[in-house]
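# Summary of structural features
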Amino acid sequence: RDRRGRLRFAPLQSALGEAVLIGAGLDPAELSTMVLRTEDGRVLVRSDAVLAVAEDLTWPWSWAPVLRWVPRWLRDGAYRAVARYRVRLFGGPERCLLPEPEHADRMLG
């Protein structure tokens with residue numbers, strides 16, 4: 001959904017992913033959470049990361065940041081529920097897919 005190609009990805013298990021987790025004071029063994037390092041070096045997790053990514057996407061995803069008014073504990077609870085049941089809710093693979101060849105340049109680490 002990143003039509004502008006601005007986002008880059010690194011597996012949390014990679015050296016770069018582990019360094020980001022440790023640098024943010026997060027447990028590098030915790031691999032079930034979305035983590036985003038912004039251009040200015042901030043590290044966002046769970047719903048904060050999702051909303052920051054959505055800001056950079058095109059419609060209809062770009063509207064999602066209005067959900068920032070919802071308390072973080074509630075947003076993160078919804079994040080955990082969707083993460084836990086995403087395959088049942090939306091179908092698809094149980095594990096992350098490898099990128100398509102045209103998106104391989106977006107992978108780091």
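Residues numbered from 1 in each chain as written. Predicted model: local features only at pLDDT ≥ 70, side-chain atom pairs only at ≥ 80, totals over all residues. Heavy atoms only, no water.

## Remarks on the pattern of salt bridges
What counts here: For this analysis, a salt bridge means a side-chain nitrogen from Lys or Arg found within 4 Å of a carboxyl oxygen belonging to Asp or Glu. In this description a helix means any DSSP run of H or I spanning at least four residues, a strand means any run of E spanning at least two, and both kinds are numbered starting from the N terminus. The buried label applies to any residue whose accessible area, calculated with a 1.4 Å probe on protein chains only, is under 20% of its type's maximum; exposed applies above 50%, and partly exposed to all values in between.
For the coordinates displayed, the defined rule picks out five salt bridges. Between R72 and D48 there is a salt bridge, with its nearest N and O atoms 2.7 Å apart. Of this pair, R72 sits in helix α3 (residues 72–90) while D48 sits in helix α2 (residues 46–55); the two residues are 24 residues apart in sequence, bridging distant segments of the chain. A residue is classified by how much of its surface remains accessible, and R72, at 48% relative accessible area, is partly exposed. Note that E55 is salt-bridged to R68, the shortest N-O span being 3.1 Å. Of this pair, E55 sits in helix α2 while R68 is found in the loop between α2 and α3, placing the two residues 13 residues apart along the sequence. By relative accessible area, E55 is classed as partly exposed at 47%. Each of D48, R72 and R75 takes part in a single network of salt bridges with overlapping partners.

## A closer look at the side chain of R75
The condition that has to hold: Here, two residues are considered to be in contact whenever any of their heavy atoms come within 4.5 Å of each other.
By secondary structure assignment, the location of R75 is in helix α3. Judged by its relative accessible area of 11%, R75 falls in the buried class. Discounting chain neighbours no more than four positions away, the residues touching R75 are S47, D48, L51, L67, R68 and V70.

## Examining the side chain of D48
Exposure remark for D48: the relative accessible area of 14% places this residue in the buried category. The contact partners of D48, leaving out residues within four places of it in the chain, are R68, R72 and R75.

## Looking at the nonpolar core
In summary, soluble globular proteins display a tendency toward joint burial of nonpolar side chains. For clarity, the threshold we go by: Throughout this description, the term nonpolar core refers to a set of buried Ala, Val, Leu, Ile, Met, Phe, Trp, Tyr and Cys residues connected via side-chain atoms within 4.5 Å.
Counting residues in each nonpolar core, the largest one holds seven residues, listed as L7, L36, L44, A49, A52, V53 and L57. At three residues, the largest contribution of residues to this core is made by α2.

## A word on helix α1 (residues 15–23)
The condition is simple: Of all possible arcs, the one meant is that of the directions from the helix axis to the C-beta atoms.
Within the sequence span of α1, burial applies to G17, V20 and L21. Along the axis of α1, the buried residues cluster in a sector spanning 95°; they form a single face. In α1, the exposed positions angled more than 90 degrees off the buried face are occupied by A15 and G23. Turning to α1, the residues buried within the fold contact β1 (35–37) and β2 (43–45). Phi for G25, located one or two positions after α1, is positive at around 75°.

## Points about unusual backbone geometry
Of note, R46 is a non-glycine position whose phi angle comes to about 50°, a positive value. In this structure, R46 sits in helix α2.

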